[in-house]
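Each chain, written out:
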Amino acid sequence: MRWLASMMVALALASGDVGLSLQQAQAKAQQVKKPAAQKSSPKTTGAKAPKRAQPRKAKAVPRASVRARSAVKSRSFAPARPSFGQLYGLQQTDDPLDLKSSVALVMDQDTEEVLLAKNDNAVLPIASITKLMTALVVSEAHQPMDELITITQDDVDTEKGTRSRLKVGTQLTRGELMHLALMSSENRAAHALGRAYPGGLKAAVQAMNAKAQLLGMTGTSYVEPTGLSPANQSSAHDLARLVKTAYDVPLIRDLSTSTGATVRVGRRDAQFGTTNGLVKNPIWDIGLQKTGYISEAGQCLVMQAQLAGRRLVMVFLDSAGKYSRIGDAERVRRWLQGAGNADQRATL
């Protein structure tokens, strides 16, 4: 199973430094031997076989009930999938704000002064934060935003098996695909953007890694444009650089902070919304944002926001719980806007 393979890689990573390369971790994971198959129990001899009882006629069970019981059974026995941060023990790091994220960074966008840092150099999977780099290289390729792109079978997720309302055969403009990728974290939209990049998907990933190196994101690596692969990894400091650069692109700012959109999917109109409820909250002044989640990465969030009279870049990685990344952002906002805390720094 794919997730089990990912966990084996994670365990290999956890056994060494957090900065261990993915290739080294995979090599360690391959050294783990599979458990030997259990031998079947030997048949007993010399004993008379008991007389077979006549089976009772089973009562008819509605199909819906069978499906429901099967679903409950599957969920009950589904093994937990710890994130890489949990395997590293990063979530056990204490901090004065009681953040639920394993990694956090709050930085002044203009001066690069660090106001808060927690495990900020740890390299972890970043999930759909990847789409921010995808959008950046696509925008820099200067391809027509009104060009139609068709969703194909190649865009279907075979990594995690996630679903999408963008059925194979759907045609949307490049601008619409970028909108859905940034606002709604649509995986097929992001993959189609990479596939339609000049030179194809491979060229798009190469451009993403080249841009990361150009920005000084030395701990960052990409293998695909959606973030579904746990091999897409970065650190909080690297992502802060990405947020600052992406913020300079007006299209990315506008699309990532959009609250909703209607696109034509087949014969009907489909409504899409933002994955970050904070952009609808009037308390917040958010200039750019991106969320992300896969089991290996936990809940992730990057934002540019104006707080306490400052333009800030905020990064939260491997947050435990569906709403905990939003809760952490609120904790930071209250901390910065609290009396006497605007100039306080917390390095954890």
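As a convention, each chain's residues are numbered from 1 in the sequence order in which they are written. Where totals are concerned, whole chains, interfaces and linings use all residues; where local detail is concerned, this predicted model gives features only for residues with pLDDT of at least 70, and gives and counts side-chain atom pairs only at 80 or more. Calculated side-chain values reflect all of the structure's heavy atoms, with hydrogen atoms and water omitted.

Colleague: Sorry if this is basic, but what is going on with the confidence of the model for the protein here?
Modeller: Detailed reading of the predicted coordinates is not advisable wherever pLDDT falls low. Per-residue confidence from the predictor is given as pLDDT, running between 0 and 100. Across the protein, pLDDT averages 83, with 74% of residues at or above 70. In this analysis, two residues are considered to be in contact whenever any of their non-hydrogen atoms come within 4.5 Å of each other. The low-confidence segment residues 63-79 (pLDDT under 50) makes three contacts with residues lying over four places distant or belonging to another chain.

Colleague: What am I meant to see in the pattern of salt bridges here?
Modeller: Once their charged atoms are close, side chains differing in charge can pair, the charge on each being opposite to the other. What makes a salt bridge here is a side-chain nitrogen of Lys or Arg within 4 Å of a carboxyl oxygen of Asp or Glu, nothing more. One pass over the structure, following the stated rule, counts 13 salt bridges. A salt bridge links Glu 113 to Arg 310, with the shortest nitrogen-to-oxygen separation between them at 3.1 Å. With Glu 113 in the loop between strand E1 (101-108) and strand E2 (114-118) and Arg 310 in strand E11 (residues 310-319), this residue pair connects regions lying 197 residues apart in the sequence. In this structure, the salt-bridge partner of Arg 195 is Asp 155, at a minimum N-O distance of 2.7 Å. Of this pair, Arg 195 sits in helix H7 (residues 187-195) while Asp 155 sits in the loop between strand E4 (148-150) and strand E5 (171-173), and the two are 40 residues apart along the sequence. Residue exposure (1.4 Å probe, protein chains only): buried if accessible area is under 20% of the type maximum, exposed if over 50%, otherwise partly exposed. For Asp 155, a relative accessible area of 3% corresponds to the buried category. Among the charged side chains, a network of salt bridges with common partners joins Asp 108, Glu 113 and Arg 310. Secondary structure is summarised from DSSP: a helix means a run of H or I of at least four residues, a strand means a run of E of at least two, and numbering begins at the N terminus for each.

Colleague: For this particular structure, what's the right way to read the nonpolar core?
Modeller: Soluble globular proteins: nonpolar side chains tend toward being buried together. Counting 64 residues, the largest nonpolar core has Leu 132, Met 133, Leu 166, Leu 177 and Ile 252 as its most contacted members. If near-sequence neighbours (up to four positions away) are discounted, Leu 132 is found in contact with Leu 182, Leu 242, Val 243, Ala 246, Ile 252, Leu 288, Lys 290 and Val 302. Throughout this description, the term nonpolar core refers to a set of buried Ala, Val, Leu, Ile, Met, Phe, Trp, Tyr and Cys residues connected via side-chain atoms within 4.5 Å. By size, the runner-up hydrophobic cluster in this structure holds 21 residues, among which are Leu 97, Leu 115, Trp 284 and Val 332.

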